[in-house]
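What follows is each chain in one-letter form.
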Amino acid sequence: MSDRPAARPRVPNFSSGPCAKRPGWNLQALSDAALGRSHRSTLGKAKLKQAIDLTRTVLQVPADYRIGIVPASDTGAVEMAMWTMLGERTVEVAAWEAFGLEWVTDALSELKIEPRVHKAPYGTLPDLSAIDTKHNDVVFTWNGTAAGVKVPNGDWIAADREGITICDATSAAFAQPLAWDKIDVLTFSWQKVMGGEAAHGMLVLSPRAVARLESHTPAWPVPKVFRLTKGGKLIEGIFRGDTINTPSMLAVEDYIDTLRWAESVGGLDALHARADANAAAVHAWVARTPWIGHLAVDPATYSNTGVCLVIADPDVLAKGDATVAAVASGIVETLEREGVALDIGAYRDAPAGLRLWCGATVETGDLEALFPWLDWAFTQEKAKLARAA
């Protein structure tokens, strides 16, 4: 395709975090925020409790699991779990992209734990059957945002496990079915599938996770901002809206707004369906487009949120990695300059390529409008190569 497309996406925001706001969002949606009020006030606590209660309803969190709002986004939530719960038994870490590797670094460098590490290159999963989920603690990401690879289900986790599982689900929560019976700690952040604002993380604990917290004393100092127990008992207030540090009430209001929107469109099933439809549109475009391919190798592991793509054109590949990276970068820069696709470059540590966010706040029609622009931008980049030859 050489002609410049005429139709444009109505919303060009395809960033993988912070992600597109929910359809129809505007600043007026935040007019009821508890601004200028203490988060410890009756109103502030009520807002935080509402965010927790709506999370339980929309995400269909089991009734006996606790939900807390914690500092430092998803990273803070994962590290809070690791700092307070690990050390009792051997730790297994599954890492197939940047964020899983971060948890390896935390365990090795900061906690001085020697975990069993199960690594795989970008685009593939490690051998999950090699992880001893019955006897050991397990840390893993449900969906690798930087690789476009997800675990297909929770079947690989032992139902009669003795350890705990810590699941970073930040780009899976609200978009993919989660095996709650196989998850003891689940974390996510508002700025992913729900398109909320950054800064805060969500920590969801099973009764088994609470039992670990109340029975285990870590061998290392635990910073105040990570402490979930006092006197050997869970600090229950954290899971009722008494946050550890001062939250942004504006961000809280924004999260409440998008949870209400989720309810209005049909709840969790509808959110899953929206993400699935978006990803299906991308998969169909890739299938009919010779110059692009998936970074993920196995279709059973394709993410339906952060869909990662690589250049597949043989003429470009023949010129080497530097040329591939230059073509991908050229596409990103051209479409950002045109205002039709913002922030679609691959994650900085991932193979050169593109990454399209397909979470529930993205409209399928905007993706459909984007595909001709991607084809057009690639044609421009390949023409540059021909002129330079």
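Asker: Even after reading the chapter, I still don't get empty space enclosed by the protein, so can you show me in this structure?
Answerer: Overall, the coordinates contain 1 cavity of 30 Å³ or more when judged by the stated rule. Volume-wise, the largest cavity comes out at about 40 Å³. Looking at the largest cavity, the residues that line it are A146, L295, C308, L309, V310, A346, Y347, A350, P351, G353, L354 and R355. Sorting the residues of the lining of the largest cavity by element identifies strand 13 (306-311) and strand 14 (354-357) as the ones contributing at least two each.

Asker: Looking at this structure, I do not really get helix 4 (residues 207-215). What am I missing?
Answerer: Counting along an α-helix, one turn takes 3.6 residues, and residues three or four places apart therefore face a common direction. Listed in full, the buried residues belonging to helix 4 are A209, V210, R212 and L213. Along helix 4, the residues classed as buried sweep out an arc of 155° about the axis, all on the same side.

Asker: Sorry, what's going on with the environment of T55 here?
Answerer: Position of T55 relative to the elements: it lies in helix 1 (residues 42-59). For the pair T55 and G123, spaced 68 residues apart in sequence, the C-alpha to C-alpha distance is 31 Å. The residues contacting T55, other than those within four sequence positions of it, are Q60, V61, I67, F188, M202, Y255 and L259. At a separation of 2.7 Å, a polar atom in the side chain of T55 contacts the side chain of Y255.

Asker: Is there a simple way to explain helix 5 (residues 249-265) in this structure?
Answerer: For helix 5, built from 17 residues, the straight-helix expectation of 24 Å at 1.5 Å per residue is met to within 8% by its first-to-last C-alpha distance of 25 Å. For helix 5, the buried fraction is high: 12 of the 17 residues fall into the buried class. Along its buried surface, helix 5 packs onto helix 1, strand 8 (185-189), strand 9 (200-205) and helix 6 (267-287). At the C-terminal side of helix 5, G266 shows a positive phi close to 125°.

Asker: What is the right way to read the nonpolar core from this model?
Answerer: Side chains of nonpolar character tend, in soluble globular proteins, to be buried together. Counting 91 residues, the largest nonpolar core has F174 and L374 as the members making the most contacts within it. Setting aside its immediate chain neighbours within four residues, L374 contacts W285, W291, I331, L335, I344, L354 and L356.

Asker: How do you make sense of the layout of surface pockets when you look at a structure like this?
Answerer: Gaps left between atoms show up when a probe the size of a water molecule is rolled over them. What the largest pocket holds in volume is close to 320 Å³. Lining of the largest pocket is provided by 22 residues; of these, T75, F99, T170, Q191 and K192 occupy positions nearest its centre. Counting only elements with at least two residues in the lining of the largest pocket, the list comes to helix 2 (73-85), helix 3 (98-110) and strand 5 (143-144). When residues in the lining of the largest pocket are grouped by element, the largest group, 3 residues, is from helix 2. Grouping the amino acids of the lining of the largest pocket by side-chain chemistry returns 4 nonpolar, 12 polar and 6 charged.

Asker: Hey, could you run me through the packing of helix 8 (residues 321-338) against helix 9 (residues 364-388) in this one?
Answerer: Any two packed helices are characterised by the angle at which their axes cross and by the distance between the axes. Running from amino to carboxyl end, helix 8 crosses helix 9 at an angle of 130°, the nearest separation of the two axes being 9 Å. Relative to helix 9, the element helix 8 is oriented oblique. As helix 8 packs across helix 9, the resulting crossing turns out to be right-handed. Contacts between helix 8 and helix 9 pair T323, A326, V327, G330, I331, T334, L335 and E338 from the former with L370, W373, L374, W376, A377, F378, E381 and L385 from the latter. Its residues assigned to classes, the contact of helix 8 with helix 9 shows 11 nonpolar, 3 polar and 2 charged.

Asker: Can you help me understand the packing of aromatic side chains in this one?
Answerer: The geometry of an aromatic ring pair comes down to the distance between the two centres and the angle between the two planes. Summed over the entire model, instances satisfying the criterion amount to 11 aromatic pairs. The interplanar angle of 50° and the centroid separation of 5.3 Å between the aromatic rings of F99 and Y347 together place this pair among those described as tilted. Separated by 248 residues along the polypeptide, F99 in helix 3 and Y347 in the loop between helix 8 and strand 14 bring together distant segments of the chain. Overall, F99 belongs to the partly exposed group, its relative accessible area being 27%. Taken together, a centroid distance of 5.4 Å and an interplanar angle of 85° make the contact between F174 and F188 edge-to-face. A residue pair is termed long-range when its members are at least 10 positions apart, and F174 in the loop between strand 7 (165-168) and strand 8 and F188 in strand 8 qualify at 14 residues. An identical accessibility class is assigned to F174 and F188; each is buried.

Asker: How do you make sense of the pairing of strand 7 when you look at a structure like this?
Answerer: Along strand 7, one buried face is formed by T165 and C167 and the opposite face, lined by I166 and D168, is buried too. Sheet topology places strand 4 (residues 137-141) next to strand 7; 4 bridges connect them, and they run parallel. Residue pairing in the sheet places V138 in a bridge with T165 of strand 7. With 3 bridges connecting them, strand 7 and strand 8 associate as parallel partners. Bridge assignment links C167 to a residue of strand 8, and that residue is L186.

Rules of the game
Once a new chain begins, its residue numbering starts again from 1 and follows that chain's sequence as written. The predicted nature of this model means local features are confined to residues of pLDDT at least 70 and side-chain atom pairs, given and counted, to a pLDDT of 80 or more, with totals for whole chains, interfaces and linings taken over all residues. Working from all heavy atoms in the structure, the side-chain values ignore hydrogens and water. A cavity here means a set of 1 Å grid points, computed over protein atoms only, where a 1.4 Å probe fits but cannot escape. A pocket is an open set with protein on both sides within 12 Å along at least 5 of 7 lines, and lining residues have an atom within 4 Å of a point. Grid points are joined across faces, edges and corners, and a volume is the space filled by probe spheres set on the points. Per the convention used, a helix needs a DSSP run of H or I reaching at least four residues, while a strand needs a run of E reaching at least two, with both numbered from the N terminus. The rule is simple: take the accessible area with a 1.4 Å probe, protein chains only, and divide by the maximum for that residue type; under 20% is buried, over 50% is exposed, in between is partly exposed. The arc under discussion is defined with respect to the helix axis, by the directions toward the C-beta atoms. What makes two residues a contact is simply this: any of their non-hydrogen atoms within 4.5 Å. Throughout this description, a polar contact denotes any pair of N or O atoms lying within 3.5 Å of each other; where both atoms belong to protein, one of them has to be capable of donating a hydrogen while the other can accept it, and for residues adjacent in sequence the pair is counted only when both atoms sit in side chains. The span expected for a helix works out to 1.5 Å for each residue beyond the first. Only buried residues count toward a nonpolar core. Its members are Ala, Val, Leu, Ile, Met, Phe, Trp, Tyr and Cys residues joined through side-chain atoms within 4.5 Å. Any residue outside Ala, Val, Leu, Ile, Met, Phe, Trp, Tyr, Cys, Pro, Asp, Glu, Lys and Arg is labelled polar, Gly included; the first ten of those are nonpolar and the last four are charged. Lines fitted to the C-alpha atoms define the axes, with helices restricted to the stretch that makes contact. Angles between their N-to-C directions range from 0 to 180 degrees. Angle categories: roughly parallel below 35 degrees, roughly antiparallel above 145, roughly perpendicular from 65 to 115, and oblique for all the rest. Put simply, a crossing is left-handed when the front helix is turned counterclockwise from the back one by less than a right angle, and right-handed when it is turned clockwise. Aromatic rings from Phe, Tyr and Trp, with only the six-membered ring used for Trp, were paired whenever their centres fell within 6.5 Å, and each pair was classed as stacked if the ring planes differed by under 30 degrees, edge-to-face if by over 60, and tilted otherwise. Pairing between two strands requires that DSSP report at least two bridges joining them.

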